[in-house]
Amino acid sequence: MRHYTLYKFAKGTNLDEAGKKICEAFNELAKQLPWLSNPAIYKNCITRTFNADLMATFEIDSPAHLNSYLRHKIHEELIRSFGNSLLDRMSFDRLDEVINNE
């Protein structure tokens, strides 16, 4: 399963620093959790009010592991560390299923 998280930050937030913090946390999670792999962080290339600023993605072996990740101390501390600068976040989880219009 691939997990995506979109992050929206307050105006004036240093997105490079926020991205670095997310990257460090996810790399550490990948070291500690054998079922979590291939973390990657992306910065949005277009700034719009309604766009997310950063996106994080990684793979987990099973949807059953998602709650363990969400409750992990590194994940919880990462979210807390942003305080009021993190305005919103949204996640998306996918298997290899594709919806076609045919």
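Use the structure listed above.
First, a word on what this report is: a plain description of the structure on this page.

A short note on the nonpolar core
- Judged by nonpolar contacts, the single largest core of 22 residues is most densely connected at Tyr 7, Phe 9, Ile 22, Phe 26, Leu 36 and Tyr 69.
- Those elements that provide at least two residues to this core are β1 (2-9), α1 (15-32), β3 (54-60), α2 (66-70) and α3 (73-82).
- The element that contributes the greatest number of residues to this core is α1, accounting for 5 residues.
- Sequence-distant contacts of Tyr 69, defined by excluding residues within four places in its chain, comprise His 3, Thr 5, Phe 26, Leu 29, Trp 35, Leu 36, Phe 58 and His 75.

Section: unusual backbone geometry
- Even without being glycine, Asn 38 reaches a positive phi, approximately 55°.
- Secondary-structure assignment places Asn 38 in strand β2 (residues 36-43).
- Residue Asn 38 is classed as partly exposed on the basis of its relative accessible area of 47%.

With respect to the pattern of salt bridges
- Scanning all chains against the criterion turns up 4 salt bridges.
- Between Lys 43 and Asp 16 there is a salt bridge whose closest N-O contact spans 3.2 Å. Remark: Asp 16 occurs in helix α1 and Lys 43 occurs in strand β2; sequence separation between them is 27 residues.
- Asp 16 gets classed as exposed once you look at its relative accessible area, which sits at 52%.
- Arg 80 is the partner of Glu 77 in a salt bridge, and the nearest nitrogen-oxygen pair spans 3.4 Å. With Glu 77 and Arg 80 both in helix α3 and 3 residues apart, this pair spans about one turn of that helix.
- Judged by its relative accessible area of 54%, Arg 80 falls in the exposed class.

Here's the deal with the sheet that holds strand β4 (residues 86-94)
- Taken in spatial order, the 4 strands line up as β2-β3-β1-β4 in an open sheet, and their pairing is antiparallel. Each having just a single partner strand, β2 and β4 make up the two edges of the open sheet. Neighbour to neighbour, the strand axes of the sheet diverge by 15° on average, direction disregarded.
- Inspection of the sheet shows β1 paired to β3 by 6 bridges, in the antiparallel sense. In the strand pairing of β3, Leu 6 is matched with Met 55.

Concerning the layout of surface pockets
- Roughly 190 Å³ of internal volume is contained in the largest pocket.
- Along the walls of the largest pocket sit 16 residues, with Lys 8, Phe 9, Leu 15, Thr 47 and Asp 53 positioned nearest its centre.
- Residue composition of the lining of the largest pocket, by class: 5 nonpolar, 6 polar and 5 charged.

Overview of α3
- When α3 is considered as a whole, its buried residues turn out to be Ile 74, His 75, Leu 78, Ile 79 and Phe 82. Around the axis of α3, the buried residues are gathered within 130° of arc, so they sit on the same side. Those residues of α3 that are exposed and aimed more than 90 degrees away from the buried face are Lys 73 and Arg 80.
- Buried positions along α3 lie against β1, α1, α2 and β4.
- At the C-terminal side of α3, Gly 83 shows a positive phi close to 50°.

About the thresholds
Residues numbered from 1 in each chain as written. Predicted model: local features only at pLDDT ≥ 70, side-chain atom pairs only at ≥ 80, totals over all residues. Heavy atoms only, no water. Core = buried A, V, L, I, M, F, W, Y, C linked by side-chain atoms within 4.5 Å. Buried < 20%, exposed > 50% of the residue type's maximum accessible area, 1.4 Å probe, protein only. Helix = DSSP H or I, 4+ residues; strand = E, 2+ residues; numbered from the N terminus. Contact = heavy atoms within 4.5 Å. Salt bridge = Lys/Arg side-chain N within 4 Å of Asp/Glu carboxyl O. Pairing = 2+ DSSP bridges. Axes fitted to C-alpha atoms, helices over the stretch in contact; angles between N-to-C directions. 1 Å grid on protein atoms, 1.4 Å probe; cavity = no way out; pocket = protein on both sides within 12 Å on 5 of 7 lines; lining within 4 Å. Points joined across faces, edges and corners; volume = space filled by probe spheres on them. Nonpolar A, V, L, I, M, F, W, Y, C, P; charged D, E, K, R; others polar. Arc of directions from axis to C-beta.

Just geometry here; none of it tells us what the structure is for.
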